[in-house]
Amino acid sequence: MIRVIVMIDGGHLRVRTRHAGHDYNPDFIEKVAHACVDHEVEALIRILYYDCAPFQGETKLPVSGKQHVFYGDDRWLKSLAAKDLFAVRRGVLKFRGFKPKRVPISPTALTDEDFLPDFEQKGVDMRIGLDIAAYSEKKLADRVILITGDTDCIPAMKHGRKAGLQIVLVSFSDGPRPAPELLWHADYHRRIPWPGMSAPISN
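**Thoughts on the sheet that holds strand β1 (residues 2-9)**
Phase 1 of the analysis: Strand order across the open sheet formed by 6 strands is β5-β2-β1-β8-β9-β10, with parallel pairing between neighbours. The outermost strands of the open sheet, each flanked by one partner alone, are β5 (86-90) and β10 (188-192). The sheet shows a mean angle of 25° between the axes of neighbouring strands, taken without regard to direction.
Phase 2 of the analysis: Bridge count between strand β2 (residues 42-51) and β5: 5 bridges; the pairing is parallel. Pairing of Ile47 across the sheet is with Phe86, part of β5.
Phase 3 of the analysis: The sheet contacts of helix α1 (residues 10-19) involve β1, β2, β8 (143-147) and β9 (166-172), and relative to β2 the element is tilted by about 90°.

**Notes on the packing of aromatic side chains**
Phase 1 of the analysis: On inspection of all chains with the given rule, the structure shows 4 aromatic pairs.
Phase 2 of the analysis: Ring centres of Tyr49 and Trp76 lie 6.2 Å apart, and the angle between their planes is 80°; this geometry places the pair in the edge-to-face category. Of this pair, Tyr49 sits in strand β2 while Trp76 sits in helix α3 (residues 75-81), and the two are 27 residues apart along the sequence.
Phase 3 of the analysis: The class of Trp76 is partly exposed, set by a relative accessible area of 21%.
Phase 4 of the analysis: Site record: aromatic cluster; members linked through ring pairs are Tyr24, Tyr49 and Trp76.

**Brief notes about helix α2 (residues 26-35)**
Phase 1 of the analysis: Every buried residue belonging to α2 is among Pro26, Phe28, Ile29, Val32 and Ala33, and all of these are buried. Each buried residue of α2 lies within a common arc of 160° when the element is viewed along its axis, so the set occupies one face.
Phase 2 of the analysis: With a side-chain oxygen lying 3.1 Å from the backbone nitrogen of Asp27, the N-terminal cap of α2 falls on Asn25.

**Structural notes on the nonpolar core**
Phase 1 of the analysis: In terms of nonpolar packing, the biggest core is built from 25 residues, with Val6, Ile8, Leu13, Ile29, Tyr49 and Ile145 touching the most fellow members.
Phase 2 of the analysis: Counting only elements with at least two residues in this core, the list comes to β1, α2, β2, α3, β5, β8 and β9.
Phase 3 of the analysis: In contact with Ile29, other than residues within four places in its own chain, are Ile8, Leu13, Tyr24, Tyr49, Trp76, Leu80 and Phe86.
Phase 4 of the analysis: Counting residues in hydrophobic clusters, the runner-up holds 20 residues, among them Ile5, Tyr135, Ala141 and Ala186.

**Notes on the side chain of Arg191**
Phase 1 of the analysis: Its place among the elements puts Arg191 in strand β10.
Phase 2 of the analysis: Lacking a salt bridge, the buried Arg191 has Asp174 as its closest oppositely charged neighbour, with an N-O distance of 6.4 Å.
Phase 3 of the analysis: One polar contact links the side chain of Arg191 to the main-chain carbonyl oxygen of Ser173, over a distance of 3.2 Å.
Phase 4 of the analysis: A polar contact of 2.9 Å, which involves the side chain of Arg191, links it to the backbone oxygen of Gly175.

**Remarks on the side chain of Thr17**
Phase 1 of the analysis: By secondary structure assignment, the location of Thr17 is in helix α1.
Phase 2 of the analysis: Setting aside its immediate chain neighbours within four residues, Thr17 contacts His22, Asp23, Tyr24, Phe28 and Trp194.

**Topic: the pairing of β2**
Phase 1 of the analysis: A large share of β2 lies buried, amounting to 7 of its 10 residues.
Phase 2 of the analysis: Where β1 lies against β2, 8 bridges are found, and the strand directions are parallel. Across the sheet, Met7 pairs through a bridge with Leu48, a residue of β2.

**Thoughts on the pairing of β8**
Phase 1 of the analysis: Judged by how many residues are buried, β8 sits mostly within the fold: 5 of 5 residues are covered.
Phase 2 of the analysis: Alternating positions in β8 separate into two faces, Arg143, Ile145 and Ile147 on one and Val144 and Leu146 on the other, with burial throughout.
Phase 3 of the analysis: Of the strand pairs in this sheet, β1 and β8 are connected by 5 bridges, and their pairing is parallel. In the strand pairing of β8, Met7 is matched with Leu146.
Phase 4 of the analysis: By the bridge criterion, 4 bridges tie β8 to β9 in an arrangement that is parallel. Bridge assignment links Leu146 to a residue of β9, and that residue is Leu169.
Phase 5 of the analysis: After leaving β8, the chain enters helix α5 (residues 154-162) and then returns to the sheet as β9, a path that is right-handed.

Conventions we followed
Residues numbered from 1 in each chain as written. Predicted model: local features only at pLDDT ≥ 70, side-chain atom pairs only at ≥ 80, totals over all residues. Heavy atoms only, no water. Pairing = 2+ DSSP bridges. Helix = DSSP H or I, 4+ residues; strand = E, 2+ residues; numbered from the N terminus. Axes fitted to C-alpha atoms, helices over the stretch in contact; angles between N-to-C directions. Contact = heavy atoms within 4.5 Å. Phe/Tyr/Trp six-rings, centres within 6.5 Å; stacked < 30°, edge-to-face > 60°. Buried < 20%, exposed > 50% of the residue type's maximum accessible area, 1.4 Å probe, protein only. Arc of directions from axis to C-beta. Polar contact = N/O pair within 3.5 Å; in protein donor to acceptor, adjacent residues only side chain to side chain. Core = buried A, V, L, I, M, F, W, Y, C linked by side-chain atoms within 4.5 Å. Lys, Arg positive; Asp, Glu negative; His and termini not counted. Salt bridge = Lys/Arg side-chain N within 4 Å of Asp/Glu carboxyl O. Right-handed = clockwise from strand over helix to strand, strands pointing away.

Shape is all these values report; function is a separate question.
Take a look at the structure:
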């Protein structure tokens, strides 16, 4: 059997899941992870999930200047970490201010409701890279099955392949193809159906 590690960029999977109209929760993430594996030829060793806890903190609203508190709840990440074979790698979510909901900005009077908070994930791609390096150098797996759309992962993918790992890049049967740059540095492109759909895995 081919030993595989599934690595999931949570920010990317969240966007694809919600775009497809599914509820994003630990049980659904678990189903997606197992759907990535061809259980006839692959033995799953571990599932590594990379994401940030919701932001917690205070800031002033952009128009009124009123104080606003962001309340984050990370219980869902703890629930995911408790599942069989799962390990959660946490990055940090940074608050970068507010951005307008619509561009160009309307010339009419603006309110706080015309803006959305702007958050940026930090450290997720770095952690993916470190784990790919560790698994390749210690020969703990034969393949990494990777769910991401982030081209920042390319150096880690290249390193893993040079060390003997096969990289399987996952996308979803109803979604767009990954960026060409990601496909260039993967050994296989695996399109999978969402959990509950009957279409077979295709490489």
